[in-house]
Amino acid sequence: PSTGAKQRSARLCTICDCRNAALKRPKTLEKICKECFYEAFEDEIHRVIICNNLFNPGERVAIGASGGKDSTVLAYVLSELNRRHNYGLDLFLLSVDEGITGYRDDSLETVKRNEIQYGLPLKVVSYKELYGWTMDEIVKLIGLKNNCTFCGVFRRQALDRGAALLKVDKLVTGHNADDIAETVLINILRGDIARLSRCTSITTGEDGPIPRCKPFKYTYEKEIVMYAYFKRLDYFSTECIYSPNAYRGFVREFIKDVERIRS
């Protein structure tokens, strides 16, 4: 074949071989077009849901929605797959308002737009109504040290309370493969063997009132960002103003550095 033909074939998607490649897929390093990427991304999540029996028909499922990329993509993909594959689920958006001015108030506006865009009912629970304190008030009292630990505990409880109010059977979160890798490393560094044994589970809290599932367990964060970008999804991308010194942030940077060395 001529040089021109070789160049054209090099630009073509390696899956369909007819459309131009638009991205190099982080998970497989294949050069593929947007359409094939959407299909591969969605099919993988569908397979994870089916292979792990995450849902039963007729269940009420709350999606923990923060307005960020992970939960926004999760809400979009789960509502698409629910329709396409007839999961028979009743889906809801569940948000926690921690009371962080200039961060959560803005991200909740995104979630409210998602409610309309995806046609999913939204429930918002707040620290103020549940505990009588906002995170702004807590930080004013205790300072910036350890506030993420406080917030994490309150947030998990708030999601449980919100899920109970919605009378849902399951709660799904947007935790992805990168988040799980960070959690594994955090638990190793802290020597927390008890948590280490269960932190990679795709479903947790099965012995409690409302189990939690992670449909993105095997999904790369980079691919979630690409999917949101190419689909032009409406999400909020600012980091929490109280988390610059969060332990997880340093672990995240370390994993990214290791990735860069490897690639």
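Residues numbered from 1 in each chain as written. Predicted model: local features only at pLDDT ≥ 70, side-chain atom pairs only at ≥ 80, totals over all residues. Heavy atoms only, no water.

Asker: Looking at this structure, how should I read the overall build of the protein?
Answerer: Scanning the protein from terminus to terminus reveals 11 helices and 8 strands. Relative to a compact globule of 263 residues, whose C-alpha radius of gyration would be 18 Å, the protein shows 20 Å and is just as compact. Across the 263 residues that make up the protein, the buried fraction comes to 45%. Within the protein, contacts between residues separated by at least 24 positions form 70% of all contacts whose residues are at least 6 apart in sequence. On the protein, roughly 14,400 Å² of surface is accessible, and the fraction owed to carbon and sulfur atoms is 53%. Taken as two groups, the 40 positive and 35 negative side-chain charges of the protein have centres that lie 3 Å from each other. (Helix = DSSP H or I, 4+ residues; strand = E, 2+ residues; numbered from the N terminus. Rg over C-alpha atoms; globule rule 2.2 N^0.38 Å. Buried < 20%, exposed > 50% of the residue type's maximum accessible area, 1.4 Å probe, protein only. Contact = heavy atoms within 4.5 Å. Areas by Shrake-Rupley, 256 points an atom, 1.4 Å probe, with all protein chains shown as cover. Lys, Arg positive; Asp, Glu negative; His and termini not counted. Charge placed at Lys NZ, Arg CZ, Asp CG, Glu CD.)

Asker: Teacher, can you tell me more about unusual backbone geometry here?
Answerer: Negative phi characterises most residues that are not glycine, and trans characterises most peptide bonds. We note that aspartate 17 has phi near 60 degrees; this positive angle belongs to a residue other than glycine. By relative accessible area, aspartate 17 is classed as exposed at 52%. We note that asparagine 86 has phi near 50 degrees; this positive angle belongs to a residue other than glycine. Summarising the element assignment, asparagine 86 is placed in the loop between α3 (69-84) and β4 (90-97).

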